[in-house]
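Chain residues, written in single-letter form:
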Amino acid sequence: MSPRPAFGYPDPFAGGARRRPTGRQAVPGTAPFRDRHAAGRRAAADRLARADRSRTFPPLPPHTAGDTFATTWWGRAWLDALETTALDPARLARGRAYARDGHVDTVNITPGRILATIRGSRPRPYSAEIRLRPLPDEEWDTLLETVAAEPAQLAALLAKKLPETLADGTVPLLPGTGELAPRCSCPDHGRPCKHAAALCCHVARLLDADPFVLLLMRGRGERELLDELTRRSAVHTARETYPNRGNHKARQADAPQGAADPLVVRRSRPAALSPADEVRPETSGPAHPTASAPGRTPHRTPPESPAPAAPEAAATPVPHQGPPQAPASQSAHTRRGVLARDALAARPRPPLPPPPPLPDGPGNTPALPDGTGLPFDPAALEFLATDTAARAHARLAALGQPGAHRRKDPDPAAALTPWQDALRLAATAHPTAGLTSATRALFRDLAAATGRTTEDVARSVAAWRQGGHEGLALLEAPWDPPAGDFDRARSALLAAGHPPLRPEHNRLTDPGRRHQLRFGHDGLWYPYESDPGAEVWWPTGPADPDPLTALRDLLTR
């Protein structure tokens, strides 16, 4: 048995020579290594292409130029495609008013699809959509060849302008009559409705600023278009510079024997290589490195008439000539890349810019459209986003104060359990004690998710409204306060004329009137009450450091 080292793995050299690994190993320079890295490059290119084919635009400010939403010819052509197929001019007028007043929220554009939320007369916005046929690959190939062959059109696109000659070509770049297909989640079945019409007017403003938005609707992103146009433009330039480059084989057949092809790019001779170091046909030494490469013509110097050599020079043996060494002045020129120690060396870096000023408030969360068929409630998602923004704003405000690094986490909700955080969210969403249909539904869902009763959930939410984490702790478990404030409170209540209260742990109970005061760890008194004949105590009213005030508020209810 082979010995085992201290790490518990068998020694690969203990039993003799090490076996060579079988199978296709991803060793640098092998086919599996190249295939794996090529697949990684293709995956990265696919991710970039997908990101390039989706653009999101924030809401634009209200339009102040009346009903003139487009000033360019392609923006007006976009609006003409909508207006020529509209069945109701009144809906178009209301759509223009919505777009002019800034009712269109964030717009997302992908190939063949424009999606946005439109704020209408209801509290929850509608989801409007416009469909446009993407161009197939054959039409894109024709369009790109047309642009690459005309430098003026390429220059116009780079300047964010759409050439009219390009739109009037064989490829239908601009939408035609009836090609725009609007949809909306509103109950209006007009074609288009006012929300889809507002989205079209809003997109006309986006097209005025960037015609690549239209090209994205037709199926290609700006980055991939510019890369493809650059490649095709280089091909056209090479064809114009070398018009006969395609007749390379015919030119080689017509050329005399041994003539050099002027279009073949040869490697230039190093500066330190002299003519005497070149390989000549009659030299019996080692061949030039390029001579052994298959399919490549050796780089040789034409033979010259031999000169009479001196006798001593002929008798002197020629030493072996190694590869030519470049001088020190040329090594910095020919060196490629940067040494790792230079790239990783410590160097002074500029300071980070100061953080932006903290806004006065967390801001309002945009309303989401109705989620038909979605696995979540849009209203609940809006509430969670609002709560997260408020917590982030409170944390940033606390961290910006002096001595914040010595304090605990400024976000108390970060240390809560899921049950406690659910109660906090429920109490925040419904700050009043009134029971509505939405509140009852929320309590039923919490009870089903936590295995509790609906009454327990309602009492816990009321305790959280009353005192937060401390109020919930007083509801769930009693504690024994030390002598002092608790005993003095009993004497103060008797002196004020109240009947004697029965003490038990941290609680003072009036069994006749079904009232109770609970003393918290924070020194506050929390009032409770119960229905006659029941031993279920409910948090009632705010907590107060004075037991007389807390009981007075309870008696005046």
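Sequence positions are assigned chain by chain, starting from 1 and proceeding in written order. The predicted nature of this model means local features are confined to residues of pLDDT at least 70 and side-chain atom pairs, given and counted, to a pLDDT of 80 or more, with totals for whole chains, interfaces and linings taken over all residues. For the side-chain quantities, the full set of heavy atoms in the structure was used; hydrogens and water were omitted.

A. Looking closely at the packing of aromatic side chains. Only centres within 6.5 Å qualify two rings of Phe, Tyr or Trp (six-membered ring in Trp) as a pair; their planes then separate them into stacked at under 30 degrees, edge-to-face at over 60, and tilted for everything else. In the structure shown here, the tally under the stated rule is five aromatic pairs. Consider the rings of Phe486 and Phe519, whose centres lie 6.5 Å apart with planes at 55°: the pair is tilted. One end of the pair, Phe486, is in helix α18 (residues 485-495); the other, Phe519, is in strand β8 (residues 515-519), with 33 residues separating them in the sequence. Across the pair, Phe519 and Phe486 agree in class, each one buried. Relative to Trp525, the ring of Phe486 lies with its centre 5.9 Å away and its plane at 20°, an arrangement referred to as stacked. A residue pair is termed long-range when its members are at least 10 positions apart, and Phe486 in helix α18 and Trp525 in strand β9 (residues 525-530) qualify at 39 residues. With respect to burial, Phe486 and Trp525 carry one shared label: buried. Grouped by ring-pair contacts, the aromatic residues Trp479, Phe486, Phe519 and Trp525 constitute a single cluster. We call a charge positioned over a ring when the NZ of a Lys or the CZ of an Arg lies within 6 Å of the ring centre and within 35 degrees of the ring normal. In this structure, Arg452 is placed above the aromatic ring of Trp419, and the distance from its NZ or CZ to the ring centre is 3.8 Å. Over the ring of Tyr528 we find Arg518; its NZ or CZ atom is 4.0 Å from the centre of that ring. A run of DSSP states H or I qualifies as a helix once it reaches four residues; a run of E qualifies as a strand once it reaches two. Both are numbered from the N-terminal end. For every residue, the accessible area (1.4 Å probe, protein chains only) is compared with the maximum for its type, and the residue is labelled buried under 20%, exposed over 50%, or partly exposed between those bounds.

B. Structural context of the packing of helix α16 (residues 437-450) against helix α17 (residues 454-476). With axes taken as lines fitted to C-alpha atoms, and helix axes fitted only over the stretch in contact, angles between N-to-C directions fall between 0 and 180 degrees. Taken N-terminus to C-terminus, the directions of α16 and α17 make an angle of 110°; their axes are 8 Å apart at the nearest point. Taken together, α16 and α17 sit at an angle that is classed as roughly perpendicular. Taken together, the residues of α17 that come into contact with α16 (itself represented by Phe443, Arg444, Leu446 and Ala447) are Thr454, Val457, Ala458, Val461 and Arg465. Put simply, Ala, Val, Leu, Ile, Met, Phe, Trp, Tyr, Cys and Pro go in the nonpolar bin, Asp, Glu, Lys and Arg in the charged bin, and everything else, Gly too, in the polar bin. For the contact of α16 with α17, the per-class residue count stands at six nonpolar, one polar and two charged. Any angle that is under 35 degrees is reported as roughly parallel, and any over 145 degrees as roughly antiparallel; angles of 65 to 115 degrees are reported as roughly perpendicular and all others as oblique. Residue contacts are counted whenever heavy atoms from the two residues lie within 4.5 Å of one another.

C. Representation of the sheet that holds strand β2 (residues 104-110) within the structure. Two strands pair under a simple rule: DSSP has to find at least two bridges between them. Spatially, the five strands line up as an open sheet ordered β1-β2-β3-β4-β5, and their pairing is antiparallel. Lying at the two open borders of the sheet, with one neighbouring strand each, are β1 (55-57) and β5 (181-184). Taken over all neighbouring pairs, the strand axes of this sheet differ in orientation by 15° on average, direction set aside. Two elements, strand β4 (residues 126-131) and β5, share four bridges in a ladder whose sense is antiparallel. Of the residues in β5, the one forming a bridge with Arg131 is Ala181.

D. Structural detail: the packing of helix α4 (residues 137-149) against helix α5 (residues 151-158). Following both chains from N to C, one finds α4 and α5 inclined at 100°, their axes separated by 5 Å at the closest point. By the angle between their directions, the pair α4 and α5 is classed as roughly perpendicular. For the pair α4 and α5, the contacting residues are Thr146, Val147 and Ala149 in the first and Pro151, Gln153, Leu154 and Leu157 in the second. Across the contact of α4 with α5, the residue classes tally to five nonpolar, two polar and no charged.

E. Region of the structure containing the nonpolar core. With 52 residues, the main nonpolar core has Trp78, Ile109, Ile114, Leu199 and Met217 as its most contacted residues. When residues of this core are assigned to their parent elements, the largest contribution, nine residues, is made by helix α7 (residues 194-209). In this structure Ile109 touches Arg53, Ser54, Arg55, Phe57, Ile114, Leu206, Val213, Leu216 and Met217, once residues within four positions along its chain are discounted. To qualify as a nonpolar core, a set must consist of buried Ala, Val, Leu, Ile, Met, Phe, Trp, Tyr and Cys residues joined through side-chain atoms within 4.5 Å. Membership of the second largest hydrophobic core comes to 32 residues, among which are Leu416, Ala426, Phe443 and Val461.

F. Molecular detail of helix α3 (residues 89-100). The first and last C-alpha atoms of α3 sit 16 Å apart over twelve residues, in line with the 16 Å expected at 1.5 Å per residue. Looking only at α3, the buried set comprises Arg91, Leu92, Gly95, Arg96, Ala97, Tyr98 and Ala99. Buried residues belonging to α3 abut α2 (73-83), β3 (113-118) and α7. Two N or O atoms form a polar contact when they lie within 3.5 Å of each other; inside protein one atom must be a possible hydrogen donor and the other a possible acceptor, and for residues adjacent in sequence the pair counts only when both atoms belong to side chains. Backbone nitrogen of Ala90 and a side-chain oxygen of the N-cap are separated by 3.1 Å at the start of α3; the cap is Asp88. Positioned one or two residues after α3, Gly102 has a phi angle of 80°, which is positive. Given the number of residues in a helix, its expected span is that number minus one, multiplied by 1.5 Å.

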